[in-house]
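Structure at a glance
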Amino acid sequence: LMAEKNGYDHFMLKEIEEQPRAYRDTLRGRIDEDSQSITLPDMMMNPEHIREIKHIQIVACGTAYHAACVGKSIIERMTRIPVEIDVASEYRYRQPIIQEHTLVIAVSQSGETADTLAAIREAKLSGARVLAITNVVGSSVAREADHLLMTWAGPEIAVASTKAYTSQLIAFYLLALYIGQSIGSMDLAARAQLLTQIKELPDQVQNMLGHMTQIEQIAEHIAGYHDLYFIGRGLDYTIAMEASLKLKEISYIHSEAYPAGELKHGSLALIEDGTPVIALATQEVVLEKTISNIREVKARGAYVIGVAFEGNMELAQAADEVIYVPRTDALLAPAIAIIPLQLLAYYAALARGNDVDKPRNLAKSVTVE
Ligand code: AGP
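What this report covers is the structure whose coordinates are included nearby. (Residues numbered from 1 in each chain as written. Predicted model: local features only at pLDDT ≥ 70, side-chain atom pairs only at ≥ 80, totals over all residues.)

Digging into the site of the ligand
Near the ligand, the surroundings consist of 15 residues, among which Gly-62, Thr-63, Ser-108, Ser-110 and Thr-113 are the closest. For the shell around the ligand, the element with the most residues is helix H4 (residues 62-79), which contributes 3 residues. Taken together, the residues that form the shell around the ligand break down as 5 nonpolar, 9 polar and 1 charged. (Near = placed C-beta within 6 Å. Helix = DSSP H or I, 4+ residues; strand = E, 2+ residues; numbered from the N terminus. Nonpolar A, V, L, I, M, F, W, Y, C, P; charged D, E, K, R; others polar.)

Here it is, written out as structure tokens:
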């Protein structure tokens, strides 16, 4: 097994650093340069099927659910088709409303998660068409779904999912653009612009990974705390949820993700002198609001670590320190801004002497409901 780690101390770090490659492989062959459009032949969903979709439900667990949260947001913005998201273990017990043209999307790295499989079966019984986004060819999820959109992250060994999550994001960008071009909800210029930025992501992530020394210091700082908060609005909140899960599962530090505007409705009472708050601030449209939420927590003594696009000087003034990430379109922010936070979880777990690749109480794929 040592050999497979390729000289890395842990699979998790190896998998974090493989992300540029995973992005390239998940994009490969799916962008037609001449027409600036997406081709997803392996999905076997023809334009008629796509045009019929009136409503989408996404089911997944854990990190895959957090990818679904991003998926909802981008599909709705690019296509205006309403999307619901469910944690798979809740889906079938809430009597979900499946209509004639509901598409159900199941997201699972392993393709063997029992809760997700149960949700797929429920959806199929009700007559829904099911599309699987998975990382394992021939897995149960892949076999039971009607349509398949593979992520090409390669085998993920560490319990904490990293490259599978970001590859799921890439799959959702491709899917949203594909639906958008099929139903004509996006003009060609907007699509071409977004495609250009998607294609830049692998190089941007690769460059960023070479300049992340600041993260180790921040990790050592937070490793001494019991509680920590991640805040953000819009897509920044979805990043916050995933960052919080990553930190919890391997560092065992209690953390919560909060929509930044919701803190003042209760949880602000938990902020004490020194409490670390990680504030995601990549979404320009809500930047001013997020900054005022940062001021609220700072006024109660929080130590604020911002995460923002390079050049965001307002955040440097509002926060105690800032992790800068390469600038991209706001819709693509999760595929870039999660990466330093994956590393933060990794180094915090190391600082606490934990078994990074095999955290206590957890299994890589959960085959019981
Ligand atoms: C991720 O870090 C977790 N270990 C976990 O939440 C995982 O994403 C979840 O169990 C779903 O697994 P799947 O993608 O294989 O279905």
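A short note on the sheet that holds strand S10 (residues 276-280)
The strand order across the open sheet built from 5 strands is S9-S8-S10-S11-S12, with neighbouring strands paired in parallel fashion. Two strands close off the open sheet at either side, each with one partner strand: strand S9 (254-259) and strand S12 (321-325). The average undirected angle you get between the axes of adjacent strands in this sheet is 20°. The pairing of S10 with strand S11 (residues 303-309) spans 5 bridges and is parallel. Considered in S11, the bridge of Leu-280 is made with Val-307. Relative to the sheet, helix H11 (residues 235-251) contacts strand S8 (227-232), S9 and S10, its axis offset from that of S9 by approximately 175°. Together, S10, S11 and S12 form the strand contacts of helix H14 (residues 334-351), whose direction differs from that of S12 by roughly 130°. (Pairing = 2+ DSSP bridges. Axes fitted to C-alpha atoms, helices over the stretch in contact; angles between N-to-C directions. Contact = placed C-beta atoms within 7 Å.)

As for unusual backbone geometry
Its identity is not glycine, yet Arg-80 carries a phi of approximately 65°, on the positive side. Along the chain, Arg-80 turns up in the loop between H4 and strand S4 (83-87). Residue classification places Arg-80 among the exposed residues on the basis of 11 C-beta atoms within 10 Å. Of note, Asn-361 is a non-glycine position whose phi angle comes to about 70°, a positive value. (Buried ≥ 20, exposed ≤ 12 C-beta atoms within 10 Å, placed from the backbone.)

A short note on H14
Here H14 is 18 residues long and its end C-alpha atoms lie 26 Å apart, about the 26 Å a rise of 1.5 Å per residue gives. Trailing H14 by a residue or two, Gly-353 shows a phi angle of about 70°, which is positive. (Expected span 1.5 Å × (residues − 1).)

Thoughts on the pairing of S8
Of all the 6 residues making up S8, 5 are buried; the element is thus mostly covered by neighbouring parts of the structure. In this sheet, S9 lies alongside S8 in parallel orientation, the contact comprising 6 bridges. Counterpart to Asp-227 in the pairing with S9 is His-254. Read as a crossover between parallel neighbours, the route from S8 over H11 to S9 is right-handed. (Right-handed = clockwise from strand over helix to strand, strands pointing away.)

What to know about the pairing of S12
In this structure, S11 lies alongside S12, joined through 5 bridges in parallel fashion. Opposite Ile-305, over in S12, you have Glu-321 as the bridge partner. Handedness of the β-α-β unit built from S11, helix H13 (residues 313-318) and S12 comes out right-handed.

Re the packing of helix H2 (residues 19-27) against helix H9 (residues 188-209)
The contact between H2 and H9 brings their axes to 8 Å, and the two run at 165°. Considering the angle they form, H2 stands roughly antiparallel to H9. The hand of the H2/H9 crossing is left-handed. Between H2 and H9, the contacting residues are Gln-19, Pro-20, Tyr-23, Arg-24 and Leu-27 on the first element and Ile-198, Leu-201, Pro-202, Val-205 and Gln-206 on the second. A class-by-class count of the residues in the contact of H2 with H9 yields 7 nonpolar, 2 polar and 1 charged. (Parallel < 35°, antiparallel > 145°, perpendicular 65-115°, else oblique. Left-handed = near helix turned anticlockwise from the far one by under 90°.)

A closer look at helix H10 (residues 213-222)
Taken residue by residue, H10 has Ile-215, Ala-219 and Ile-222 as its buried positions. What you see down the axis of H10 is that its buried residues fit within an arc of 70°, all on one side. Exposed side chains of H10 directed beyond 90 degrees from the buried face belong to Thr-213 and Gln-217. On the buried face of H10, the contacting elements are S8, S10 and H14. (Arc of directions from axis to C-beta.)

Here we look at the environment of Ala-118
Looking at the secondary structure, you find Ala-118 in helix H6 (residues 114-125). Owing to 17 C-beta atoms within 10 Å, Ala-118 belongs among the partly exposed residues under this scheme. Taking the C-alpha atoms as reference points, Ala-118 and Ile-278, 160 residues apart in sequence, are found 35 Å from one another. Sequence-distant contacts of Ala-118, defined by excluding residues within four places in its chain, comprise Arg-92 and Glu-369.

Purely spatial values, then, with no claim about function.
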